[in-house]
Amino acid sequence: MTKKTTQTDSSRRQYLKAIGATGIAAGIAGCSGNGGDGGDGGDGGDGGDGSDYAPIGNFPPEGDTVAIGFNGPTSGALGPDGQDQEKGYDLAVQHLNNGGGLVDYWDRLSGDGIMGHEVEPTKADTAGSADTAQDNIERMIQQDNIQFWTGGMSSTVTLAMENVAQREKVPFMGGNSTSASISGENCSRYYFHPTFHAEIIGMAMGDAAPSVLGEDRELFHIYIDYSYGQSNRDAARKYLTENGPWEDAGEAAIAEGETDHSSQIQALEESGADTLYFSSFGGLAASGLSQMRDAGLTDDIDVIIPHVSAFTLDPLGADAEGVLGMEPWNPAADNEPSQVFIDAYQEEYDETPNQSSLHTYESMMVYAAAVEEAGTFHPPTVVRTLEEFEWSLAWGDSAFREADHQVERPWYLVQGVGDDRAEELGIRTEVIETTDPLIYGTDEFPASECAMGENEYGDE
């Protein structure tokens with residue numbers, strides 16, 4: 001991790017923690033927001049517009065710079081997607097400080113940092129480990145004085161980071177993590193979920209997959225046996241078999257860290273299923289798909305990966321053709337900001353960006369714009385601003401819900417393509433359908449499990 005030259009004194013950090021921990025939780029059950037009254041001001045830091053706020057979390061920033069963190073998996077099984085996230089993050093820092101890309105496109109941003117503060121990057125590799133991620137972010141908070149951070153892929157990591165963000169009163173937008181509990185039972189006032197999750201993917205697949213593959217199908221599940229895999233399995237069952245036209249043909253779990261899928265492949269073959277819902281991701285999914293191909297199953301069985309990425313399909317080459325999945329963004333997105341981002345990214349890296357590259361980039365843009373709109377880095381004020389924030393960039397028309405901090409925006413049903421088409425597109429996935437924002441009521445699962453009112457702003 002790159003550390004700031006002037007580190008925060010530990011005694012000062014403990015003082016700020018003590019202040020940040022004060023306040024009475026609203027204690028409202030269910031998915032009910034509690035906007036509060038914006039706090040009582042105080043004699044603390046200058047918000048940047050002459051208004052004073054009491055110190056909380058890492059507020060106020062020191063001097064004329066502001067530290068923003070990246071905490072993602074740049075090594076390990078999720079490394080390629082994490083490296084793309086890092087590229088998006090680096091490009092966002094460059095554009096926020098110097099202009100370019102979507103900063104020039106969006107009049108909410110200046111290209112002169114955030115609130116006139118130069119963005120100072122600090123980065124760390126989680127290697128996909130929740131323990132490593134927590135160690136990283138606690139160092140960034142305590143030593144680097146970060147005001148916000150982004151990055152990450154694993155749902156286990158995001159779930160752990162939500163708790164840190166809430167405790168330390170430092171806003172966080174995670175990576176492409178899709179456990180439904182992230183904006184459900186584990187929701188956090190200081191975490192905003194800018195992508196889909198298993199329930200939304202299940203809703204989309206329940207509508208689209210039967211129309212693409214037909215209604216007479218037998219579905220088998222192979223899933224990673226932790227939050228990500230379990231929630232995607234459950235959502236697929238809910239929308240494709242229990243409340244959909246397909247028949248359930250069974251399941252086989254993959255233990256965390258297990259790389260030999262021979263027993264799961266045998267169970268799939270013995271089930272007689274013609275469709276596989278493969279709830280894995282990144283390098284783990286790529287390895288599993290390669291093993292299925294080598295066993296000769298991909299010729300006869302249609303494969304759905306709930307959250308697919310081009311990286312997952314690349315090792316299959318031409319055999320990736322026909323694999324279905326959902327992406328939170330694709331370079332074929334039909335909006336002008338997407339093309340602005342693609343052009344800037346290609347100019348910097350000479351390659352086509354993917355969903356992971358945009359994820360960190362747009363998250364940074366949204367946080368920066370919310371700070372500019374709030375007129376301060378004061379965390380409770382920024383959080384309240386984000387809870388009512390609407391924007392339209394490469395992700396399309398987007399807004400966070402106050403009740404559970406789940407984003408509402410379009411999603412993309414995609415299909416893997418062969419080598420010639422991949423070369424033409426510059427990426428291994430092609431859009432079949434762009435969905436309208438798919439969302440559920442705040443009284444429905446998983447939002448009904450979110451007790452947002454119990455998560456304090458910290459300045460009540």
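Shown above is the structure to which this text applies.
All residue numbers here refer to positions counted from 1 along the written sequence of the relevant chain. Given that the model is predicted, a residue must reach a pLDDT of at least 70 before its local features are reported, and side-chain atom pairs must reach 80 or more before they are shown or counted; all residues, however, enter totals for whole chains, interfaces and linings. Just so you know, side-chain values use all the structure's heavy atoms and leave hydrogens and water out.

Participant: I tried to follow the overall build of the protein on my own but got confused; where do I start?
Facilitator: Elements are defined by DSSP. Helices are runs of H or I of four residues or more, strands are runs of E of two residues or more, and each kind is numbered from the N terminus. Helix and strand content of the protein: 14 helices and 17 strands. Burial statistics for the protein: of 460 residues in total, 58% are counted as buried. Pairs of residues are marked as contacts when any of their non-hydrogen atoms sit within 4.5 Å. Across the protein, every contact between residues at least 6 apart in sequence was considered, and the portion connecting residues at least 24 apart equals 72%. Method for areas: the Shrake-Rupley scheme with a 1.4 Å probe, in which residue coverage is limited to the protein chains shown. Accessible area of the protein: about 16300 Å², with a carbon and sulfur share of 41%. When accessible area is computed with a 1.4 Å probe and restricted to protein chains, residues below 20% of their type maximum are described as buried, those above 50% as exposed, and intermediate ones as partly exposed.

Participant: Quick question: what am I supposed to make of the nonpolar core here?
Facilitator: The nonpolar side chains of a soluble globular protein tend to be buried with one another. Membership of the largest hydrophobic core comes to 112 residues, with the highest contact counts inside it found for Trp-149 and Phe-278. Among the elements that make up this core, the one with the highest residue count is helix H12 (residues 355-374) (ten residues). Core analysis: the second largest hydrophobic core is formed by six residues, Leu-78, Met-153, Tyr-228 and Phe-281 among them. Grouping buried Ala, Val, Leu, Ile, Met, Phe, Trp, Tyr and Cys residues that are joined through side-chain atoms within 4.5 Å yields what is termed a nonpolar core.

Participant: Would you take a moment to explain the packing of aromatic side chains for this structure?
Facilitator: Here a ring pair, both rings aromatic, is described through the centre-centre distance and the interplanar angle of the planes. Note on aromatic contacts: the rings of Phe and Tyr and the six-membered ring of Trp form a pair at centre separations within 6.5 Å, being stacked when their planes are under 30 degrees apart, edge-to-face when over 60 apart, and tilted otherwise. Considering all chains together, one arrives at 15 aromatic pairs under this definition. Between Tyr-53 and Phe-59 the ring centres are 6.2 Å apart and the planes differ by 85°, which places this aromatic pair in the edge-to-face class. For the pair shown, Tyr-53 and Phe-59 are each scored as buried. With centroids separated by 4.8 Å and ring planes inclined at 50°, the aromatic side chains of Phe-341 and Tyr-361 adopt a geometry described as tilted. A residue pair is termed long-range when its members are at least 10 positions apart, and Phe-341 in helix H11 (residues 336-349) and Tyr-361 in helix H12 qualify at 20 residues. Grouped by ring-pair contacts, the aromatic residues Trp-106, Phe-192, Phe-389, Trp-391, Trp-395 and Phe-400 constitute a single cluster.

Participant: Would you explain the pairing of strand S10 (residues 275-279) in this entry?
Facilitator: Walk down a regular strand and you will see the side chains alternate between the two sheet faces. S10 sits mainly inside the fold: five of its five residues count as buried. Pairing of strand S8 (residues 218-224) with S10, which is carried by five bridges, proceeds in the parallel orientation. By the bridge assignment, Phe-220 is partnered in S10 with Leu-276. Only strands that DSSP links by at least two bridges are regarded as paired with each other. Judged from the three bridges that link them, S10 and strand S11 (residues 302-307) form a sheet pairing that is parallel. Bridged to Leu-276 within S11 is Val-303.

Participant: In this structure, what is going on with empty space enclosed by the protein? I would like to understand it.
Facilitator: A water-sized probe, rolled over the atoms, reveals where empty space remains. Detection works on a 1 Å grid of protein atoms alone, calling trapped sets that fit a 1.4 Å probe cavities and calling open sets with protein on both sides within 12 Å along at least five of seven lines pockets, with lining residues defined by an atom within 4 Å of a point. Grid points are joined across faces, edges and corners, and a volume is the space filled by probe spheres set on the points. Tallying each qualifying case throughout the model produces one cavity of 30 Å³ or more. What lines the largest cavity is Ile-224, Ile-254, Ala-255, Glu-256, Gly-257, Glu-258, His-261, Ser-280 and Leu-284. Here the lining of the largest cavity is built from residues that sort into four nonpolar, three polar and two charged. Residue polarity follows a fixed list, in which Ala, Val, Leu, Ile, Met, Phe, Trp, Tyr, Cys and Pro are nonpolar, Asp, Glu, Lys and Arg are charged, and the others, Gly among them, are polar.

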